[in-house]
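Notes for the structure review
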Amino acid sequence: MLDHVLGRPSAKSRRLQVLAVLTFWSVYLYRGNRHGPPLLRFLSRFVSKKLTGWQVVVVTMIYLYAARNFSTLVGLASPEPMANMYDTAYFRATWVLTALDAGFWTAMKIKKKWLRDVASMVFTVFYMVAAERADEKVRKVRGMLTVDHLRVSWNKGTSPYLGALQNLMRPRFTRWPPRAIRIPRPNVSDYTEPISGWLYYDGPISDLEHINKVILDIPGGGFVAMDPRCHDDKLLAWAGKTGLPVLSLDYKKAPEYPYPYALNECFDVYTTMIKSRGRCIGMSGREAPKIIVTGDSAGGNLATAMTLMIIETVTSKRRLGLSPEELPLPSGLVLLYPALDMNIGNWMSDEQMSLIKDRRMRVANKDYLKRKSMQYNDLVGTPHHSDDEDEYPFPHGATAKAPDDSTSDQTVQVPHPEYSHASPQTWSKPKPSITLSRQESQSSSHHSQPMRTRLAMASMISYFNDRIITPEMMRAMIILYIGPHNRPDFSQDYLLSPILAPDALLQRFPKTYFLTGERDPLVDDTVIFAGRLRRIKHACHSRRKSQDVEGLEDVADFDDKDVAEVVLIPGVSHGFMQFPTIYPPAWKLIDRCAQWAEDLLNAAESHDRHEQQRAKTQRYTQAESSGDEDRPLEINMTRLRGRTMSDNNKLKQSEETTDQISNDHDDVQTNGLRVKKKRTNGRARGGKGSRSIVKLDSSDDLLGRRMQGLAGPLTGLQDED
């Protein structure tokens, strides 16, 4: 109360108040009457005759507990905000995490490390019992966050006691521990310091010579904390399930290394792996490895931005300073609750809602969309929700225009701020004025313009009371990541906010799997970015199909699943893959991500085989095309006239020998060798008793026979049948 009277609440004044109260009552118990003040002495003497000291203590504690929960007993308690927020398993996990945060934050100022580690676990046990005290502690700390608070909270998995407990409860996925590794920078990089990482692989390094696939993981941690060892549960499971090497980057963290240092590190690692053909991690180097890029939370931001940088290398118009060398795209991406928009806004724009309400994604986004539509009803107490309320036309962005090949270079640097939460929220072209009624036209009162979409708030504001990530934490992370000397354009910099990426870059974006909690404050980023990918690629596919572009003859109708697949976990918020020990359903989700990585790699191999077969077919088709026949007839008369009759007799004898071989069943191997010797003129016939099937060694034989057939009647050297 003292700090409130002084008008300046602070921890110092509160501590003085506590010390004053303790000192007063300690002195009174020592110097005052043992039965208390005069008015209570009679009652004290009477109670001391009836109750023991233990009973007095218990009665006092019961009274204090009942007094603190008086409003709950009489039905006047405030509503519980977490009542319908999470499912039961995830709520239990957040209860443990909140107690851990409160315990570690309470002990973080203890200087001796061994004492700090012990005190952190002791305080955690206390806060697990006093859950409301833990919520209050965490709420106050998050109101005044610093980078030290973020790192203590997110790096707590590396503490000795908690780490030992995790290792004890984690299944054994691999026989080999993670290995520290350093990746050199490419020659085109502006930096020279190698990049640290951890290699997770269930086998000796020598076995990597026989592998040409790798998972490149970019771990999250708000850009300021959490190295790969904080993600051991997920990474060890992936290495054990897939049998592939998993390279997780220990990129430099903000604020010591602000944007875009970490992004350049990720791009340099990818470039080195491609240029060295995997030799930098122990592969053979015979071919460039197929790479699957994964990232969670802030790592998802870096993974997406890195992919956009890779796509820029294959465009004709690059950003200033970008490497002129082209890089192959990753085989696919697996993004876990990625942070793709660094703008924290309040309201959903028309363009954003049109992506969410796309009819093709109604089933996947049903529950997510219903919660957004019910936000107003929950406030005013409307009991029911009508599906008809969502049936609004979306003239802005209902159909995307795919960038033409002629304009893609000009549009590659044009971001799309209408899909971000940056202000202002209306980025579309000016709308035509609305026709007003006569009564409204004569009125001087202001009339608000009706919205084309139902009023909906951004997920960051809708779930502002989330137990894992709050707007205060997002604000702190963004400020620390950008740094004090950078001032990026939040409505233009699509490497900072990949949700702004131009259509020309998204048109080339590889297939991506998204896994996000439905109650995640960052769920809007996932749904909007995936919607943009589907819309842009569908428009591109439709344009190419209408123009009969070569290569689409064997492609069926457009399938959204070939572009992006989104899985929204109901009743779950952020970071659920980080703590499978206390959230057991996460193990199945980790296995699903491993299966996604294998599916992407298998699809990449199948695509490569298809392209090789297609290229081979095109070479033969070009050899047999009518384009060669449309050229003027060119006859090498010297070669034809130089052939003697003995050569013709040899050719005729070769044909007769080949026919004899096809009818002889007793000496197949011997005659087969003779056929190879007699195929110098390309006249071997395949198949028993078949003269119509002709096997040719190359397209030269085909052209030679064609010219012989044309020139034979003209030169008098035609063979007689």
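Residues numbered from 1 in each chain as written. Predicted model: local features only at pLDDT ≥ 70, side-chain atom pairs only at ≥ 80, totals over all residues. Heavy atoms only, no water.

Structural notes on the overall build of the protein chain
- Helix and strand content of the protein chain: 27 helices and 8 strands.
- Per-residue burial for the protein chain yields a buried fraction of 45% across its 721 residues.
- For the protein chain, the share of sequence-separated contacts (at least 6 apart) that also reach a separation of at least 24 residues comes to 77%.
- A total accessible area of about 40,600 Å² is found for the protein chain, and carbon and sulfur atoms account for 55% of it. (Helix = DSSP H or I, 4+ residues; strand = E, 2+ residues; numbered from the N terminus. Buried < 20%, exposed > 50% of the residue type's maximum accessible area, 1.4 Å probe, protein only. Contact = heavy atoms within 4.5 Å. Areas by Shrake-Rupley, 256 points an atom, 1.4 Å probe, with all protein chains shown as cover.)

A short note on the packing of aromatic side chains
- Scanning all chains against the criterion turns up 15 aromatic pairs.
- For the ring pair Trp 25 and Tyr 28, a centre distance of 6.0 Å and an interplane angle of 75 degrees mean the geometry is edge-to-face. A residue pair is termed a helical-turn pair when its members lie 3 or 4 positions apart in one helix, as Trp 25 and Tyr 28 do in helix H2 (residues 11-31) at 3 residues.
- Between Phe 509 and Phe 529, the aromatic rings sit 5.6 Å apart at their centres with planes inclined by 80 degrees, giving edge-to-face as the arrangement. (Phe/Tyr/Trp six-rings, centres within 6.5 Å; stacked < 30°, edge-to-face > 60°.)

A closer look at the environment of Val 334
- Its location among the elements puts Val 334 in strand E6 (residues 332-336).
- Taking the C-alpha atoms as reference points, Val 334 and Lys 511, separated by 177 residues in sequence, lie 8.8 Å from one another.
- Apart from residues no more than four positions distant in its own chain, Val 334 is found in contact with Ile 292, Val 293, Thr 294, Gly 295, Tyr 513, Cys 593, Trp 596 and Leu 600.

Things to note about the sheet that holds strand E3 (residues 213-218)
- What the 8 strands build is an open sheet, ordered E1-E2-E4-E3-E5-E6-E7-E8; its pairing is mixed. The sheet terminates laterally at strand E1 (179-183) and strand E8 (564-569), the two strands that pair on one side only. Neighbour-to-neighbour, the strand axes of the sheet open up by a mean angle of 20 degrees, direction not taken into account. (Pairing = 2+ DSSP bridges. Axes fitted to C-alpha atoms, helices over the stretch in contact; angles between N-to-C directions.)

Looking at the pattern of salt bridges
- For the coordinates displayed, the defined rule picks out 23 salt bridges.
- In this structure, Arg 175 engages Asp 202 in a salt bridge whose closest nitrogen and oxygen atoms are separated by 3.7 Å. In this pair, Arg 175 sits in the loop between helix H10 (160-169) and E1 while Asp 202 sits in the loop between strand E2 (195-200) and E3, placing the two residues 27 residues apart along the sequence.
- A relative accessible area of 59% places Arg 175 in the exposed class.
- Residues Glu 193 and Lys 252 are paired through a salt bridge, measuring 3.5 Å at the closest nitrogen-oxygen approach. Here Glu 193, found in the loop between E1 and E2, pairs with Lys 252, found in the loop between strand E4 (246-249) and helix H12 (261-275); they are 59 residues apart in sequence, far enough to count as distant.
- You can call Glu 193 partly exposed: its relative accessible area is 34%.
- A residue is classified by how much of its surface remains accessible, and Lys 252, at 17% relative accessible area, is buried. (Salt bridge = Lys/Arg side-chain N within 4 Å of Asp/Glu carboxyl O.)

Brief notes about a nonpolar patch on the surface
- Residues Trp 114, Leu 115, Val 118, Val 122 and Tyr 161 make up a contiguous nonpolar surface patch of about 500 Å² in total accessible area.
- The element contributing the most residues to the nonpolar patch is helix H7 (residues 113-129), with 4 residues. (Patch = residues over 30% accessible without salt bridge, like charges linked within 9 Å, V, L, I, M, F, W, Y side chains within 5 Å.)

A few points about the packing of helix H6 (residues 88-107) against helix H9 (residues 147-154)
- Two numbers describe how H6 lies on H9: the axes approach to 9 Å, and their chain directions differ by 130 degrees. Accordingly, the angle class assigned to the pair H6 and H9 is oblique. Remark: the crossing between H6 and H9 carries right-handed chirality. For the pair H6 and H9, the contacting residues are Asp 101, Phe 104 and Trp 105 in the first and His 149, Val 152 and Ser 153 in the second.
- Looking at the contact of H6 with H9, its residues break down into 3 nonpolar, 2 polar and 1 charged. (Parallel < 35°, antiparallel > 145°, perpendicular 65-115°, else oblique. Left-handed = near helix turned anticlockwise from the far one by under 90°. Nonpolar A, V, L, I, M, F, W, Y, C, P; charged D, E, K, R; others polar.)

A closer look at the pairing of E2
- Within E2, 5 of the 6 residues are buried, leaving the element largely enclosed by the surrounding structure.
- Bridge count between E1 and E2: 5 bridges; the pairing is antiparallel. Across the sheet, the residue bridging to Ile 181 is Gly 197, located in E2.
- One ladder, built from 4 bridges, connects E2 with E4; its direction is antiparallel. The residue of E4 that forms the bridge with Tyr 200 is Val 246.

Comments concerning the pairing of E4
- Residues Val 246 and Ser 248 of E4 are buried on one face, and the alternating residues Leu 247 and Leu 249, pointing to the opposite face, are buried as well.
- Here E3 runs beside E4; their pairing, made up of 3 bridges, is parallel. In the strand pairing of E4, Ile 215 is matched with Val 246.
- Remark: the E3/helix H11 (residues 232-242)/E4 crossover connection has right-handed handedness. (Right-handed = clockwise from strand over helix to strand, strands pointing away.)

Some words on the confidence of the model for the protein chain
- Mean pLDDT over the protein chain: 78, with 67% of residues reaching 70 or higher.
- Here residues 551-555 scores under 50 on pLDDT; set against residues more than four positions off or in separate chains, the count is 6 contacts.
- For the stretch residues 633-652, pLDDT sits under 50, and the model shows 23 contacts to residues farther than four places along the chain or on other chains. (pLDDT = per-residue confidence, 0-100.)

Let's talk about the packing of H7 against helix H8 (residues 131-143)
- Where H7 contacts H8, the axes come no closer than 5 Å and their chain directions differ by 115 degrees. The orientation of H7 relative to H8 falls into the category roughly perpendicular. On the side of H7, the interface is formed by Tyr 127, Met 128 and Val 129, while H8 contributes Ala 131, Arg 133, Ala 134 and Lys 137.
- Looking at the contact of H7 with H8 residue by residue, the classes come out as 5 nonpolar, no polar and 2 charged.

Concerning the side chain of Thr 470
- Structurally, Thr 470 is set in the loop between helix H19 (459-462) and helix H20 (471-482).
- Here Glu 472 takes part through its side chain, which lies 3.2 Å from a polar atom of the side chain of Thr 470.
- Setting aside its immediate chain neighbours within four residues, Thr 470 contacts Arg 142, Met 460 and Phe 464. (Polar contact = N/O pair within 3.5 Å; in protein donor to acceptor, adjacent residues only side chain to side chain.)

Digging into unusual backbone geometry
- Pro 255 follows Ala 254 through a cis peptide bond whose omega is 0 degrees.
- When you line up the elements, Pro 255 lands in the loop between E4 and H12.
- The step from Tyr 259 to Pro 260 runs through a cis peptide bond, and the omega angle for that step is 10 degrees.
- When you line up the elements, Pro 260 lands in the loop between E4 and H12.
- The residue Phe 223 is not glycine, and still its phi comes out positive at about 65 degrees.

Section: H8
- Spanning 13 residues, H8 covers 19 Å between terminal C-alpha atoms, matching the ideal 18 Å at 1.5 Å per step.
- Regarding H8, the residues found buried are Ala 134, Val 138, Val 141 and Arg 142. End-on view of H8: buried residues confined to an arc of 95 degrees, all on one side of the axis. Seen from the buried face of H8, the exposed residues on the opposite side, beyond 90 degrees, are Glu 132 and Arg 139.
- Looking at the buried residues of H8, the elements they touch are H6, H7, H9 and H20. (Expected span 1.5 Å × (residues − 1). Arc of directions from axis to C-beta.)

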